[in-house]
Amino acid sequence: MKLSLYVNGTLCHSEIAPGTTLLEFLRGKGLMGAKAGCDTGSCGLCTVWVDEVPILSCTYPAARAQGKHVTTIEGMRQQAALLGRYLAENGSEQCGYCSPGLIMTVLALEKEHPAATDAEISAYLAGNLCRCSGYAGQLAGIRAYLNRGKGALE
Ligand code: FES
Ligand code: FES
């Protein structure tokens with residue numbers, strides 16, 4: 001089928017095979033930020049936004065994105081780099097494989113709940129798994145990121 005959608009603000013037209021997932025489509029376009037992990041909608045590594053809402057691209061049919069606006073971490077470079085600094089400062093990055101999905105989810109959280117409590121942050125990120133770091137460093141980094149401008153690292 002013919003797929004037309006916006007990717008990071010650019011209109012793209014492509015021919016896709018039936019059953020193509022949005023993750024396969026994006027990685028096929030060279031956008032390798034969203035990672036393949038479980039491929040079953042369970043780990044959050046493949047998180048991107050569709051019309052500003054975070055979704056799991058491994059289980060999201062590309063055809064469903066027809067006419068929509070898809071945002072990947074490549075389209076959020078500045079915000080991702082800043083958040084990444086806070087995560088690294090708090091020791092939450094080890095292999096880093098989960099980071100792109102985590103970052104896309106945290107940036108969505110920031111838009112929806114800029115004053116989120118620690119409990120709200122943990123609940124929002126429940127679908128983003130990390131096999132390396134434990135979650136205390138991630139939470140500290142996210143807390144510091146959301147508190148920036150109040151004397152923290154800029
Ligand atoms: S790869 Fe999509 S949720 Fe795990
Ligand atoms: S840092 Fe390795 S999976 Fe999260």
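Preceding block: the structure.
To keep things clear, this report deals only with the structure shown in the data block. Treat the numbers as computed from the prediction; the structure is a model and nothing was measured.

Quick look at the pairing of strand β3 (residues 47-50)
Regular strands place side chains that alternate from one sheet face to the opposite one. Alternating positions in β3 separate into two faces, T47 and W49 on one and V48 and V50 on the other, with burial throughout. Linking β3 to strand β4 (residues 53-56), which pair antiparallel, is a turn of two residues; within it D51 sits at a positive phi near 50°. For β3 and strand β5 (residues 69-71), the ladder comprises two bridges, and the chain directions are antiparallel. Among the inter-strand pairings, V50 is bridged to a residue of β5, identified as V70.

A short note on helix α3 (residues 99-112)
Across its 14 residues, α3 extends 20 Å between first and last C-alpha, which sits within 8% of the 20 Å expected from 1.5 Å per residue. Within α3, 11 of the 14 residues are buried, leaving the element largely enclosed by the surrounding structure. Those residues of α3 that fall on the buried side of the exposure criterion are S99, P100, G101, L102, I103, M104, T105, V106, L107, A108 and L109. Buried-residue contacts for α3 involve β3, β4, β5, α2 (77-89), α4 (118-124) and α5 (136-146).

Notes on the packing of α2 against α5
In helix packing, the relevant descriptors are the interaxial angle and the interaxial distance, both defined with respect to the helix axes. One can describe the packing of α2 onto α5 by two numbers: an axis separation of 8 Å at closest approach and a directional angle of 125°. Judged on the interaxial angle alone, α5 and α2 are oblique. α5 is crossed by α2, and the crossing has right-handed handedness. Across from Q79, L82, L83, Y86 and L87 in α2, the residues of α5 making contact are Q138, G141, I142, A144 and Y145.

Focus on the side chain of K35
With respect to the element layout, K35 can be found in the loop between α1 (22-28) and β3. Buried within the structure, K35 lacks any salt-bridge partner; E74 is the closest side chain of opposite charge, at an N-O distance of 6.7 Å. Within the structure, K35 has its side chain in polar contact with the backbone oxygen of M32 (distance 2.8 Å). Non-local contacts of K35, meaning those with residues more than four positions away in its chain, are made with L23, R27, L45, C46, Y97 and P100.

What to know about the pattern of salt bridges
All chains considered together, the criterion is met by three salt bridges. R148 is the partner of E110 in a salt bridge, and the nearest nitrogen-oxygen pair spans 2.9 Å. With E110 in helix α3 and R148 in the segment after α5, this pair connects stretches of sequence that are 38 residues apart. A salt bridge links D118 to R143; the shortest N-O distance between them is 2.9 Å. Residue D118 is located in helix α4, and its partner R143 is located in helix α5; the two are separated by 25 residues in the primary sequence. Among the residues examined, D118 registers a relative accessible area of 36% and is labelled partly exposed.

Rules of the game
Sequence order sets the numbering: in each chain, residues are counted from 1 along the sequence as written. Written order decides the labels, with chains lettered from A and ligands numbered from 1. The model is predicted, so local features are restricted to residues of pLDDT at least 70 and side-chain atom pairs to those at 80 or more, both for listing and for counting; the totals for chains, interfaces and linings are taken over all residues. Calculation of side-chain values draws on the structure's entire complement of heavy atoms; hydrogens and water are dropped beforehand. The cut-offs for exposure are 20% and 50% of the maximum accessible area for each residue type, with area from a 1.4 Å probe on protein chains only; residues under the lower value are buried, those over the upper are exposed, and the others partly exposed. Strands are runs of DSSP state E lasting at least 2 residues, helices are runs of H or I lasting at least 4, and numbering of each runs from the N terminus. Between any two strands, pairing holds if DSSP finds at least two bridges. Helix span, as expected, comes to 1.5 Å for every residue beyond the first. By the convention used here, residues are in contact when the closest approach between their heavy atoms is within 4.5 Å. Interaxial angles span 0 to 180 degrees and are taken between N-to-C directions of axes, which are lines fitted to C-alpha atoms, for helices over the stretch in contact. Any angle that is under 35 degrees is reported as roughly parallel, and any over 145 degrees as roughly antiparallel; angles of 65 to 115 degrees are reported as roughly perpendicular and all others as oblique. A crossing counts as left-handed when the near helix is turned anticlockwise from the far one by less than a right angle, and as right-handed when that turn is clockwise. Positive charges come from Lys and Arg alone, negative charges from Asp and Glu alone, with His and the N- and C-terminal ends not counted. Any carboxyl oxygen of Asp or Glu that lies within 4 Å of a side-chain nitrogen of Lys or Arg is treated as forming a salt bridge with it. Here a polar contact is taken to be a pair of N or O atoms separated by no more than 3.5 Å, where protein atoms must pair a possible hydrogen donor with a possible acceptor and residues adjacent in sequence count only if both atoms sit in side chains.

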